Amino acid sequence: RLRALTRRASAPEGSSAEWVRCDLFSVSDVSAALEGADVAVYLVHSMLPSARLTQASFDDLDVLLADNFARGAEAAGVRHILYVGGFAPRDQALSRHLRSRREVEEALRSRGAGVTALRSGIIVGPGSSSLWILVNLVRRLPVMVLPRWTRSRTQPIALDDLLRAVRRVLAEPGAWKGSFDVAGPDILTYREMMQETAAILGLRRLMITVGLLSPKLSRLWVTLFGSAPASLVKPLVESLRHDMVAEPNPLHDWLLEDAAPFRVALRRSLDERARPTPPPSSIQLGTAERGRLRAARTVRSVQRLPLPAGRNAAWVAEEYLRFLPKLAGRWLRVDAGDEDAVRFRLEPSGRTLLELRYARDRSREDRAVFTVVGGDLARAGDGRGRLEFREITGGTEVIAAVHDFEPALPWFVYNLTQARVHLWVMSRFARHLRGAQNDS
């Protein structure tokens, strides 16, 4: 039986899977959705927005989601997690994108389930975002001035071959714990892949390689002509300076026996007009999804903070409540203690700006959760608004996150005032924690 989790309301037409709507930013949603599952396949990235306003980097969102999934899987009794990520070249200073892929693996392994990580390069198949970008670049640019990263080597894999590796792991999860590079038989530079693509499309392309790396120019070039949003292109381009070649391992060696070459995999991925299949949702938001985010008026704000030695997330939450009045001086008072209520009061009027309630049933030493229940600056909403502090990366850092917050201020006023103040406060709190870290 296959159960698929989705943030959307309805299942794709013709799907035989059981589709369950799930907010991956909620541990309780994840654990409920995974109830009864033996093995979970994790195919998540966070390069597209999940709220009308998102104040967060993709890597902070990714590690938060992976930590949520690991906690939810542990609560649901999932025995094994299969994660499909990217190559992680050794002995190199990794880009943020590749460091994030490694960090996701570590977060998934931080709980009770066994984990298999399949690491791949470009996936060549219908719906592949990378293939969509590659083909569009070749199709639209008769003359291509290629930056230095196009000399980097990569080892693409056909989607069918990646699925063969997935099926083999799922057939015997316990035998494949660990990380395994999987790839096709061809090791090509990005320039050579473009040349192969042009030949299959029947196009003549003049390609001139220059000695510049120029990530910013590359991002603009790929965004404009590859038909991909900047939020997706930016982390990908930063990773292209690395050689992405598989390291030998038993799973990869088995896969290579029947793996499709790049040229064959590319032909299979194009339709009768030699066009790639657009990615269903990973490359751009649909009109309905954009409208839903605008109508929701929600905010997600995630910041990574240092965790002083010997402290935990519960201490960080308490320290935050002590820190705020010191930062605001005589203008703010924090009342805490009555039935787990926390009230932020504006002085000297005494008006309650925000009222939170400590969620004792959802909190632990490594995670402190407060729900938003009222105040002049918050709308009542659906009760999902919350502030949390949680440990990540083996207890060396803390994520501070605001989820599903609905501001009471008009949206443009909120963006110019409260939203910016929150980021400033969190930056000052991070500096405060670094000072405490140095003192310890």
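Up top is the structure.
In this convention, every chain numbers its residues from 1, walking through the sequence in written order. A pLDDT threshold of at least 70 governs which residues receive local features in this predicted model, and a stricter bar of 80 or more applies before side-chain atom pairs are shown or counted, although totals over entire chains, interfaces and linings include all residues. Values reported for side chains reflect all heavy atoms of the structure, with hydrogen atoms and water molecules removed beforehand.

Time to look at the sheet that holds strand E17 (residues 351-358). In this analysis, strands are considered paired if DSSP registers two or more bridges between them. Each helix corresponds to a stretch of at least 4 residues labelled H or I by DSSP, and each strand to a stretch of at least 2 residues labelled E; elements are numbered beginning at the N terminus. Strand order in the open sheet formed by eight strands is E4-E14-E20-E19-E18-E17-E16-E15, with mixed pairing between adjacent strands. The sheet is open, and its two borders are formed by strand E4 (53-55) and strand E15 (332-336), each paired with just one other strand. Between one strand axis and the next, the sheet turns through 20 degrees on average, direction left out of account. In this sheet, strand E18 (residues 367-374) lies alongside E17 in antiparallel orientation, the contact comprising four bridges. Counted as the bridge partner of Glu355 is Gly374 from E18. Against the sheet, helix H12 (residues 313-328) touches E15, strand E16 (341-346), E18, strand E19 (386-392) and strand E20 (397-405), its axis set at about 125 degrees to E19. In this analysis an axis means a line fitted to C-alpha atoms, helices contributing only their contacting stretch, and an angle means the value between N-to-C directions, from 0 to 180 degrees. The contact definition used throughout considers only heavy atoms, calling two residues in contact when any of these lie within 4.5 Å.

One way to put it is that helix H2 (residues 58-76) packs onto helix H3 (residues 96-108) with a least axis distance of 8 Å and a crossing angle of 15 degrees. Between H2 and H3, the angle is such that the two are roughly parallel. Judged by the sense of rotation from one axis to the other, the crossing of H2 with H3 is right-handed. Taking contact as the criterion, the partners of Phe58, Asp59, Asp62, Val63, Ala66, Asp67, Phe69 and Ala70 in H2 are, on H3, Arg96, His97, Ser100, Arg101, Glu103, Val104, Ala107 and Leu108. Gly is put with the polar residues, along with every residue not named as nonpolar or charged; the nonpolar set is Ala, Val, Leu, Ile, Met, Phe, Trp, Tyr, Cys and Pro, and the charged set is Asp, Glu, Lys and Arg. Considered class by class, the residues forming the contact of H2 with H3 number eight nonpolar, two polar and six charged. What sets the label is the angle itself: under 35 degrees gives roughly parallel, over 145 gives roughly antiparallel, 65 to 115 gives roughly perpendicular, and the rest give oblique. By definition, any crossing whose near helix is turned counterclockwise from its far helix by less than a right angle is left-handed, and any crossing with a clockwise turn is right-handed.

All right, on to the packing of aromatic side chains then. Each aromatic ring pair is summarised here by two numbers: the centre-to-centre distance and the angle between the ring planes. Ring pairs are drawn from Phe, Tyr and Trp, using the six-membered ring of Trp, whenever the two centres fall within 6.5 Å, and their geometry is named by plane angle: stacked under 30 degrees, edge-to-face over 60, tilted for the rest. Following the criterion strictly, the structure yields nine aromatic pairs and no others. Each ring, one from Tyr42 and one from Tyr83, has its centre 5.9 Å from the other, and the planes form 50 degrees; the classification is tilted. With Tyr42 in strand E3 (residues 39-42) and Tyr83 in strand E5 (residues 80-86), this residue pair connects regions lying 41 residues apart in the sequence. Using a 1.4 Å probe on the protein chains alone, a residue whose accessible area is under 20% of its type maximum counts as buried, one over 50% counts as exposed, and one in between counts as partly exposed. Look at Tyr83 and you get buried, because its relative accessible area is 1%. Within the aromatic cluster, the residues linked to one another by ring pairs are Tyr320, Phe323, Phe389 and Phe429. Cation over ring: Arg164 sits above Trp254, and NZ or CZ is 5.2 Å from the ring centre. Note on criteria: charge over ring means Lys NZ or Arg CZ within 6 Å of the ring centre, with the direction from the centre no more than 35 degrees off the ring normal. Over the aromatic face of Trp254 sits the side chain of Arg168, whose NZ or CZ is 4.5 Å from the ring centroid.

Turning our eyes to something else, we now look at the side chain of Ser363. The residue Ser363 is located in the loop between E17 and E18 in this model. Of the residues examined, Ser363 reaches a relative accessible area of 8% and is grouped as buried. Within the structure, Ser363 has its side chain in polar contact with the backbone oxygen of Ala359 (distance 2.7 Å). Discounting residues that sit within four places of it in the chain, Ser363 has contacts with Tyr358, Ala368 and Val369. Counted as a polar contact is a pair of N or O atoms within 3.5 Å, where, for protein atoms, one must be capable of donating a hydrogen and the other of accepting one, and residues adjacent in sequence contribute only when both atoms are in side chains.

Think of a patch as exposed residues, more than 30% relative accessible area, with no salt bridge, where like charges cluster within 9 Å and nonpolar side chains (Val, Leu, Ile, Met, Phe, Trp, Tyr) cluster within 5 Å. For the accessible areas, the method is Shrake-Rupley and the probe is 1.4 Å, while residue cover comes only from the protein chains on display. Here, a salt bridge means any side-chain nitrogen of Lys or Arg that lies within 4 Å of a carboxyl oxygen of Asp or Glu. On the surface, Val143, Val145, Leu206 and Ile208 cluster together into a nonpolar patch covering about 340 Å² of accessible area. Relative to the helices and strands, Leu206 is located in strand E13 (residues 206-209).

Taken in spatial order, the four strands make up an open sheet running E3-E5-E6-E11, and their pairing is parallel. Each edge of the open sheet is held by one strand with a lone partner, namely E3 and strand E11 (178-181). Within this sheet the neighbouring strands show an average axis-to-axis angle of 15 degrees, counted without direction. By the bridge criterion, four bridges tie strand E6 (residues 114-120) to E11 in an arrangement that is parallel.

Glancing now at the layout of surface pockets. Taken as a whole, the second largest pocket holds about 640 Å³ of empty space. Where the lining of the second largest pocket is concerned, the elements lending two or more residues are strand E14 (299-306), H12, E17, E20 and helix H14 (418-439). Among the elements that take part in the lining of the second largest pocket, H14 stands out by supplying five residues, more than any other. Residues of the lining of the second largest pocket, tallied by class, amount to 19 nonpolar, five polar and no charged. Site definitions follow a grid-based scheme: protein atoms alone, a 1 Å grid, a 1.4 Å probe that fits but cannot get out for cavities, and for pockets an open set with protein on both sides within 12 Å along at least five of seven lines, plus lining residues having an atom within 4 Å of a point. Grid points are joined across faces, edges and corners, and a volume is the space filled by probe spheres set on the points.

Our next topic: the pattern of salt bridges. Summed over all chains, the structure comprises 32 salt bridges. The salt bridge partner of Arg79 is Asp38, with a shortest N-O separation of 3.2 Å. Highlighted residues: Arg79 in the loop between H2 and E5 and Asp38 in the loop between helix H1 (27-33) and E3, separated in sequence by 41 residues. According to the relative accessible area criterion, Arg79 is exposed, its value standing at 58%. Between Arg109 and Glu105 there is a salt bridge, with its nearest N and O atoms 3.3 Å apart. For Glu105, a relative accessible area of 3% translates into the label buried. Residues joined by salt bridges that share partners form a network here, namely Asp67, Arg71, Glu74, Arg111, Asp366, Arg367, Glu388 and Arg390.

Sheet faces and side chains relate simply in a regular strand, where the side chains alternate between the two faces. Buried residues dominate E20, accounting for eight of its nine residues. In this sheet, E20 lies alongside E14 in antiparallel orientation, the contact comprising seven bridges. Counted as the bridge partner of Ser301 is Val402 from E20. For E19 and E20, the ladder comprises seven bridges, and the chain directions are antiparallel. Following the sheet pairing, Ile392 is matched in E20 by Glu397. Here E19 folds back onto E20 in antiparallel fashion, the turn holding four residues, of which Thr393 has a positive phi close to 50 degrees.

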